[in-house]
Amino acid sequence: MATALENRTKLVTSNTSVSSSATMIKRDLVCSDEGLYQCWIEYFVDVEHRDKHKKSLSLVTFEAEATKPVEFVLKPQDPLEENQFIHLICAADVENPAGNIKIWKVPEITNNHEIELTSNLLKNKTKNCTTFLNVSTEYKVSRKDNGIKFLCSSQNNLTQDPGPGRYSQRISVFYGSVTAKITLLPFKEMYFAGDYLKLDCFSDSNPPPIYSWTFQSTNNSEDTKYNISNRSSVTLKNLQTNNSGNYVCSAFNTFNGKNFYVTSMVFISVGNQPKQEIQEYKNHRYTDACLQPLPNRAKKIVGHTG
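In this text the structure is predicted, and so the values were computed from the model without any measurement.

Participant: Quick one: what's the story with the overall build of the protein, residue by residue and with numbers?
Facilitator: Per the secondary structure count, the protein includes 2 helices and 22 strands. For the protein, the proportion of its 306 residues judged to be buried stands at 33%. A fraction of 59% describes how many contacts in the protein between residues 6 or more apart in sequence connect residues 24 or more apart. When the accessible surface of the protein is totalled, it reaches about 21400 Å², and 51% of it is carbon and sulfur.

Participant: Hey, could you go over the pattern of salt bridges for me, with residue numbers and the actual values?
Facilitator: One pass over the full model with this rule turns up 5 salt bridges. The partner of glutamate 82 in a salt bridge is arginine 143, with the nearest N and O atoms 3.1 Å apart. Of the two residues, glutamate 82 sits in the loop between strand E6 (80-81) and strand E7 (85-93) while arginine 143 sits in the loop between strand E10 (132-140) and strand E11 (149-155), which places them 61 residues apart along the sequence. Close ionic contact of lysine 105 with glutamate 114 constitutes a salt bridge, the shortest N to O distance being 3.8 Å. A relative accessible area of 13% means that lysine 105 is categorised as buried. Taken together, the shared-partner salt bridges in this structure form one network comprising Lys105, Glu114 and Asp145.

Participant: Outline unusual backbone geometry, supporting the account with residue identities and numerical values.
Facilitator: Following leucine 185, the chain continues to proline 186 via a peptide bond in cis, the omega torsion being -5°. Mapped onto the secondary structure, proline 186 falls in the loop between strand E14 (181-185) and strand E15 (191-192). Of note, the amide linkage connecting asparagine 206 to proline 207 takes the cis form, showing an omega dihedral of 5°. Tracing the chain through its elements places proline 207 in the loop between strand E16 (197-202) and strand E17 (210-217). A positive phi is found at asparagine 83, a non-glycine position, where the angle reads about 75°. Summarising the element assignment, asparagine 83 is placed in the loop between E6 and E7. Phi at asparagine 256 is positive, roughly 50°, even though this residue is not glycine. Secondary-structure assignment places asparagine 256 in the loop between strand E20 (245-255) and strand E21 (258-268).

Participant: Lay out the sheet that holds strand E5 (residues 71-75) with the relevant residues and their values.
Facilitator: Think of a sheet as strands paired side by side through backbone hydrogen bonds, with each pair either parallel or antiparallel. Within the open sheet, the 3 strands sit side by side as E5-E7-E10. Their pairing is antiparallel. The open sheet is flanked by E5 and E10, the only strands paired with a single partner. Taken pair by pair, the neighbouring strands of this sheet meet at an average axis angle of 10°, ignoring direction. The sheet contact formed by E5 and E7 spans 5 bridges and is antiparallel. The partner of glutamate 71 across the bridge, within E7, is alanine 91.

Participant: Hey, could you go over the state of the cysteines for me, with residue numbers and the actual values?
Facilitator: This model, assessed by the stated rule, comprises 2 disulfides. Note that cysteine 90 is cross-linked by a disulfide to cysteine 152, the S-S spacing being 1.6 Å. Handedness of the cysteine 90-cysteine 152 disulfide follows from its S-S torsion of about -75°: it is left-handed. Residue cysteine 90 is located in strand E7, and its partner cysteine 152 is located in strand E11; the two are separated by 62 residues in the primary sequence. Residue pairing for cysteine 201: its cysteine sulfur links by disulfide to cysteine 249, the two sulfurs lying 1.9 Å apart. On the sign convention where negative means left-handed, the S-S torsion of about -80° between cysteine 201 and cysteine 249 marks this disulfide as left-handed. Of the two residues, cysteine 201 sits in strand E16 while cysteine 249 sits in strand E20, which places them 48 residues apart along the sequence.

Participant: Any chance you could break down the environment of isoleucine 25 for me, citing the residues and the numbers?
Facilitator: By the element assignment, isoleucine 25 lies in strand E2 (residues 20-26). C-alpha of isoleucine 25 to C-alpha of lysine 10: the two residues are 15 residues apart in sequence and 5.0 Å apart in space.

Participant: An account of the packing of aromatic side chains is requested, with residue identities and associated values reported.
Facilitator: Within the structure shown, the criterion is met by 4 aromatic pairs. Taken together, a centroid distance of 4.7 Å and an interplanar angle of 40° make the contact between phenylalanine 215 and tyrosine 247 tilted. With phenylalanine 215 in strand E17 and tyrosine 247 in strand E20, this pair connects stretches of sequence that are 32 residues apart. On the basis of relative accessible area, phenylalanine 215 is assigned to the buried category, the value being 11%. Taken together, the aromatic side chains of Phe174, Phe255 and Phe260 make up a single cluster linked through ring pairs.

Participant: With reference to specific residues and values, describe the sheet that holds E21.
Facilitator: Pairing is antiparallel across the open sheet formed by 4 strands, whose spatial order is E18-E17-E20-E21. Sheet topology places strand E18 (226-229) and E21 at the edges, where each strand pairs with a single neighbour. Averaged over all pairs of adjacent strands, the angle between their axes in this sheet comes to 30°, without regard to strand direction. Taken together, the 11 bridges between E20 and E21 define a ladder with antiparallel strand orientation.

Participant: Tell me about the environment of valine 12, and please be specific about residues and values.
Facilitator: Along the chain, valine 12 falls in strand E1 (residues 9-15). For the pair valine 12 and threonine 23, spaced 11 residues apart in the sequence, the C-alpha separation amounts to 4.9 Å. Beyond its immediate chain neighbours, meaning those up to four positions away, valine 12 contacts Ser21, Ala22, Thr23 and Ile25.

Calculation notes
Residues numbered from 1 in each chain as written. Predicted model: local features only at pLDDT ≥ 70, side-chain atom pairs only at ≥ 80, totals over all residues. Heavy atoms only, no water. Helix = DSSP H or I, 4+ residues; strand = E, 2+ residues; numbered from the N terminus. Buried < 20%, exposed > 50% of the residue type's maximum accessible area, 1.4 Å probe, protein only. Contact = heavy atoms within 4.5 Å. Areas by Shrake-Rupley, 256 points an atom, 1.4 Å probe, with all protein chains shown as cover. Salt bridge = Lys/Arg side-chain N within 4 Å of Asp/Glu carboxyl O. Pairing = 2+ DSSP bridges. Axes fitted to C-alpha atoms, helices over the stretch in contact; angles between N-to-C directions. Disulfide = S-S within 2.5 Å. Phe/Tyr/Trp six-rings, centres within 6.5 Å; stacked < 30°, edge-to-face > 60°.

Shown next as structure tokens:
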């Protein structure tokens, strides 16, 4: 050990008439070079007192900012299903002083970083005195995770949080339709002939659902259903009484051989427009100034000039 240290160490001295100094230069530093170093000075006051000396201690440590992770892996890859577990594996050199690895979840909309894992400060220093960490964790995906990505960051006391990081690709989570919701625009308890009505249907799923609408009239005794649309909405611009009945929205999606099917129904009642009451005014008299007979004086003047 001493020989290896001597081969990497050079001592440089400088002497003047009033002082002397010495500088130690170390090459090819390794982690074991950290430690306490002592400078010993021995000097002579006179011939009889040669044991005068002074010493100084210096602590040498190596510091470096954490670096970008060398690996960040998600297993399995897309496509994922709701409630499936994925494995996140990250490896990074957190440098010195010993740091840690953090794994974050980054939603698609807010882009806020939500921490999922912070590793322990495991000291596994390499020869060049850095700290290398390798961590893994499990995560259960939900339908809300569709479109998110993950971040693995490396940090220590010299690095702001989060430190240098590596992002995963955004994940796609498949999930089936659970409910279908119908919205009426405008919403009324009762509709009348001539009214406008739009029926919107929404069901959350990935892949997006395929919609269909059926109608069953209540104005006849037949138990017949009519397909009226293959879109998410139905527009009735001029309602009639025969539009009264049950409107059913169906939403369907499929993935990985699994089929999901949900329905929702709403009843629409359409009546005739109420008759407006007309108030009659009997014996209503009015005059028209143009039809009134001219005054006698005016007749006389007209006769004179004629």
